[in-house]
Amino acid sequence: PTHGRVMGQAGVAMPNRRFTLLGENCASVTARTGMPSYVADFALIDGEMPQRLVAMGQRCGIAVPVHVEGRLWGALVAGDDRPGHIEQSALPRLADFAGLIGLMLAEADARTRLEQLATADPLTGLINHRAFQERLTAMVGDALARGADLALVYLDIDGFKSVNETRAHLVGDRVLEV
């Protein structure tokens, strides 16, 4: 990829703004290399992006990578409008914070995967019996509360049991997958 996207930013209203990964600003260098990056004064760097940062009032910056389960997920970036105001000695603290963010993101991903495993059939991806019963109960309750109609369609595949018995479950699974 040649561009990244700002996911959140404090103090400046520019969320979801694209930026080039080819530039020499902190976020670009960290996203491109996966390594921490520090710039004491953007005004001293040639290039379009550093000059845009200076025009927006950013003079120095620091960035550390955020890794989730060993993969580079993004970068945590801090900047200031005063040259050299953020010191390079802030890298370890920012890296610790980025590590915590990576752990939280990994935990959120794991919870999503566990929820999927607990509620879905691994073969078809459809919700399993328990999840179906929970959703049906909730929908019936909601329909009763609103005085709305509710319909349930039940599909039964005639003769499917014989496919499993005569052709083995592996063939039956392949039939269900299509």
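Residues numbered from 1 in each chain as written. Predicted model: local features only at pLDDT ≥ 70, side-chain atom pairs only at ≥ 80, totals over all residues. Heavy atoms only, no water.

What about the overall build of the protein?
As a reminder, the rule being used: Runs of E in the DSSP output that reach at least two residues are strands. Runs of H or I that reach at least four are helices, and both are numbered from the N terminus. The buried label applies to any residue whose accessible area, calculated with a 1.4 Å probe on protein chains only, is under 20% of its type's maximum; exposed applies above 50%, and partly exposed to all values in between. For the area figures, the Shrake-Rupley method with a 1.4 Å probe applies, and any residue is considered shielded solely by the protein chains shown.
Each helix and strand in the protein was counted, giving 6 helices and 5 strands. Taken from the N to the C terminus, the helices and strands of the protein come in the order β-β-α-β-α-β-β-α-α-α-α. Counting across all 178 residues of the protein, residues that qualify as buried make up 26%. Counting only carbon and sulfur atoms, one obtains 58% of the accessible surface of the protein, whose full area is about 12600 Å².

With respect to the pairing of strand β5 (residues 71–80)
The cut-off we apply is this: For two strands to be treated as a pair, DSSP must find at least two bridges joining them.
As judged from the 9 bridges shared by strand β4 (residues 60–68) and β5, these two strands associate in the antiparallel manner. Considered in β5, the bridge of Val-64 is made with Leu-76. Where β4 hands over to β5, the hairpin turn is made up of 2 residues, of which Glu-69 adopts a positive phi near 50 degrees.

Section: helix α4 (residues 129–146)
Quick note on the threshold: The length a helix should cover is 1.5 Å for every residue beyond the first.
In this model α4 runs 25 Å from its N-terminal to its C-terminal C-alpha over 18 residues, within 8% of the 26 Å that 1.5 Å per residue would give. In the segment just after α4, Gly-147 is the residue with positive phi, at about 70 degrees.

What about the pattern of salt bridges?
Spelled out, the test is: Here a salt bridge means any side-chain nitrogen of Lys or Arg lying within 4 Å of a carboxyl oxygen belonging to Asp or Glu.
The final tally for this structure, using the stated rule, is 8 salt bridges. In this structure, the salt-bridge partner of Arg-82 is Asp-81, at a minimum N-O distance of 3.6 Å. A salt bridge links Arg-146 to Asp-142; the nearest nitrogen and oxygen atoms lie 3.0 Å apart. Remark: Asp-142 and Arg-146 occur in helix α4; sequence separation between them is 4 residues, near one turn of the helix. Residues joined in a network through salt bridges with shared partners are Asp-80, Asp-81 and Arg-82.

Let's talk about the sheet that holds strand β3 (residues 37–39)
Keep this limit in mind: Helix axes are fitted only over the stretch in contact, all axes being lines through C-alpha atoms; the angle between N-to-C directions runs from 0 to 180 degrees. In this analysis, two residues are considered to be in contact whenever any of their non-hydrogen atoms come within 4.5 Å of each other.
Overall, antiparallel pairing links the 3 strands, which are arranged β3-β4-β5 in an open sheet. The sheet terminates laterally at β3 and β5, the two strands that pair on one side only. The sheet shows a mean angle of 15 degrees between the axes of neighbouring strands, taken without regard to direction. In the packing of helix α1 (residues 26–33) onto the sheet, the strands contacted are β3, β4 and β5, and the crossing angle to β4 comes to about 30 degrees. The sheet contacts of helix α3 (residues 91–119) involve β4 and β5, and relative to β4 the element is tilted by about 35 degrees.

Thoughts on the side chain of Thr-119
Structurally, Thr-119 can be placed in helix α3. On the basis of relative accessibility, which here comes to 11%, the residue Thr-119 falls in the buried class. Here Thr-119 is in contact with Leu-126, Ile-127, Asn-128, Arg-130 and Ala-131, once residues within four sequence places are set aside.

Brief notes about the environment of Ala-40
Position of Ala-40 relative to the elements: it lies in the loop between β3 and α2 (48–55). Along the primary structure Ala-40 and Gly-84 are separated by 44 residues, whereas in three dimensions their C-alpha atoms are 4.5 Å apart.

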